[in-house]
Amino acid sequence: MDFQPDLSLEAFREQVRGFLRAKLPAGLAGRLRIGTRSPREELAPWQRILNENGWGAPYWPEAHGGTGWNVLQRLVFDEECTAAGTPTQDTGAQKLLGPVLNAFATPEQKAEHLPHIFNGTRFWCQGFSEPGSGSDLASLRTQAVRDGDAYVVNGQKIWTSHAHRADWIFLLVRTDTEVKKQAGISFLLVDMKTPGITVRPIHTIDGCHHLNETFFDNVRVPVANRIGAEGDGWKITKFLLNNEHATAADLPMLRKYMRQIRMLAQQRDGEGRALIACPQFAQQVARFEADLSAIAMLVQRVAALEQAQDHSAAAHALGSILKVRGTELQQRMSSFIVESLGDFGPVAFAPPEADAGDALPMEDIARGLANEMFFRRASTIYGGTSEVQRGIIARALFQL
Ligand SMILES: Cc1cc2nc3c(=O)[nH]c(=O)nc-3n(C[C@H](O)[C@H](O)[C@H](O)COP(=O)(O)OP(=O)(O)OC[C@H]3O[C@@H](n4cnc5c(N)ncnc54)[C@H](O)[C@@H]3O)c2cc1C
């Protein structure tokens, strides 16, 4: 692979920057406090702006109405959006469900759901994990029993991000208990307004509400809402989880942390010295710069393999290495930022409802940084835990 700067990619970066300068409304910029999803009132107008520019589905091929960008262009787009502080898109719909619909849905299902994804008018959440079925997802027990032209769903999901704000959920259910566990799973789309669904909040250490428990009590779901055949759920899930290894490290966020660290380096300590004058601080900054460069190179490598459609076990293992290394670096950098704030650390933990009227010294630098640090404790769990990733690496690269 070639590490020289790709000039066409730099031209593309300029195009994205130009678009963001022209089209990102000031009122929507810089509002995302932690690295999760923007609220509807910010996400929906931004999605409309993207769609009007033909960028409503930046991660999909042109044949499916997407931009047709390659994986490196998609990374540049994400990086520039993070740097400009845009609202997020509905990443569950864009990166997980959308490709599944494009590959497996019927024309009727596509006509029903795809326009809403492009226009940001229907929000999704992901109902996979259950108590006792996270890493071992195939053991899931939420049951769907056929009754005429509907399934009756009973069971519980957990860690359902944004379920309390979602319109629909894509759900894994067990439709057959007699066969091998993977073969008895089906993939359903469920309207969250269906009677029998209860969402209970899980409040997390980052001070925000994004996680939930989701209960299904005799929920009737039309059979027409099943994606693929009955029992195809595991095949579809493997397809869904295989997408976009190159984004696992969240390089745009790491680069944002580096910018914040550089900004902090110019701040003065109690004796009026810039933090960068402290040898321990400077050494740590240098180490982060080196770690970040290593991650950026690994991202390029994984992206090149994705571009070449290399689905080998070794390519998969590289994606896992990136996930482990990238998320560990997220945790180290975000912790370092909060530690470097010293006495201003408490300011960095902003209560969710605090408005600008509460501004304190260092507020614009520190605000939300501790929330982000606490949120990132979860990064080595979501998207596949570090232990599970290490298992994949051990098997694929070392035949252990
Ligand atoms: C912030 C956040 C958001 C999430 N959002 C969603 C969502 O929107 N929808 C959804 O469905 N799920 C979501 N999840 C759930 C997530 O996918 C699971 O937490 C994850 O898969 C781990 O499953 P678990 O929590 O059941 O832990 P377990 O699988 O029970 O793991 C417990 C411990 O055992 C270790 N372990 C398990 N298996 C192995 C193994 N084979 N080898 C070595 N060690 C092992 C794990 O690494 C971990 O340390 C989210 C989680 C978090 C933290």
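Residues numbered from 1 in each chain as written. Predicted model: local features only at pLDDT ≥ 70, side-chain atom pairs only at ≥ 80, totals over all residues. Heavy atoms only, no water.

Under the annotation held in an unreviewed UniProt entry, the protein chain carries the name Acyl-CoA dehydrogenase FadE17 and is attributed to Cupriavidus yeoncheonensis. Checking UniProt for the protein chain, the heading Cofactor (unreviewed entry) contains the comment "FAD". The Sequence similarities (unreviewed entry) field of the UniProt record for the protein chain holds the comment "Belongs to the acyl-CoA dehydrogenase family." (UniProt positions renumbered as here; feature names shortened; annotations may be inferred.)

Engineer: How should I be thinking about the UniProt feature "domain: Acyl-CoA oxidase/dehydrogenase middle" (unreviewed entry) in the protein chain in this particular structure?
Structural biologist: UniProt's feature table lists "domain: Acyl-CoA oxidase/dehydrogenase middle" (unreviewed entry) at residues 125–219, given in the numbering used throughout. The span residues 125–219 is 0% helical and 48% strand by assignment, and the distance between its end C-alpha atoms comes to 17 Å. (Helix = DSSP H or I, 4+ residues; strand = E, 2+ residues; numbered from the N terminus.)

Engineer: Can you walk me through the site of the ligand in this structure?
Structural biologist: In the region of the ligand, 14 residues are neighbours, and S129, S135, W159, T385 and E387 sit closest. In this structure, a nitrogen atom belonging to the ligand sits 2.8 Å away from a main-chain N or O atom of Q126. Tallied by class, the residues present in the shell around the ligand amount to seven nonpolar, six polar and one charged. Taken domain by domain, the makeup of the shell around the ligand includes at least three residues from each of domain 2 (124–232) and domain 3 (244–398). (Near = heavy atom within 4 Å. Polar contact = N/O pair within 3.5 Å; in protein donor to acceptor, adjacent residues only side chain to side chain. Nonpolar A, V, L, I, M, F, W, Y, C, P; charged D, E, K, R; others polar. Domains from an automatic or database assignment.)

Engineer: Just checking my understanding: could you explain the domain arrangement of the protein chain for this structure?
Structural biologist: Often, the extent of an interface is quoted as the loss of accessible area on bringing the components together. When cut into domains, the protein chain gives domain 1 (7–89), domain 2 (124–232) and domain 3 (244–398). Between domain 1 and domain 3, the contact holds 14 residues from the first and 22 residues from the second. Summing both sides of the interface, domain 1 and domain 3 together bury roughly 1500 Å²; the carbon and sulfur share of this comes to 61%. If you look at where domain 1 meets domain 3, you find one salt bridge. Note that E79 and R255 form a salt bridge whose closest N and O atoms lie 2.7 Å from each other. A breakdown of the residues in the side of domain 1 that touches domain 3 according to their chemical character gives six nonpolar, four polar and four charged. (Contact = heavy atoms within 4.5 Å. Buried area = accessible area lost by both parts, 1.4 Å probe. Salt bridge = Lys/Arg side-chain N within 4 Å of Asp/Glu carboxyl O.)

Engineer: Please clarify how the nonpolar core should be interpreted in this entry.
Structural biologist: Most often, soluble globular proteins have nonpolar side chains that are buried together. Formed by 41 residues in total, the largest nonpolar core has its most connected members in F187 and L189. Looking at this core, the elements with two or more residues in it are helix 1 (7–23), helix 2 (40–52), helix 3 (71–84), helix 4 (91–104), helix 5 (107–119), strand 4 (168–174), strand 5 (185–191) and helix 6 (233–241). The element contributing the most residues to this core is helix 1, with five residues. Mapped onto the domain boundaries, this core takes at least three residues apiece from domain 1 (7–89) and domain 2 (124–232). Ignoring any residue separated from it by four or fewer positions in sequence, one finds F187 in contact with L97, V100, F128, F170, L171, L172, N225, R226, I227, G233, I236 and L240. A249, M253, L329 and V338 belong to the second largest nonpolar core, which has 34 residues in total. (Core = buried A, V, L, I, M, F, W, Y, C linked by side-chain atoms within 4.5 Å. Buried < 20%, exposed > 50% of the residue type's maximum accessible area, 1.4 Å probe, protein only.)

Engineer: How should I be thinking about the packing of aromatic side chains in this particular structure?
Structural biologist: Given two aromatic rings, their pairing is described by the distance between the two centres and the angle made by the two planes. For the structure shown, the criterion picks out 16 aromatic pairs. Judged by centre distance (5.0 Å) and plane angle (50°), the ring pair of W69 and F77 falls under tilted. The same class applies to W69 and to F77, which are both buried. Aromatic rings pair up to connect F12, F19, W46, W55, W69 and F77 into one cluster. Between the NZ or CZ atom of R146 and the centre of the ring of Y151, over which it lies, the distance is 5.9 Å. (Phe/Tyr/Trp six-rings, centres within 6.5 Å; stacked < 30°, edge-to-face > 60°. Lys NZ or Arg CZ within 6 Å of the ring centre and 35° of its normal.)

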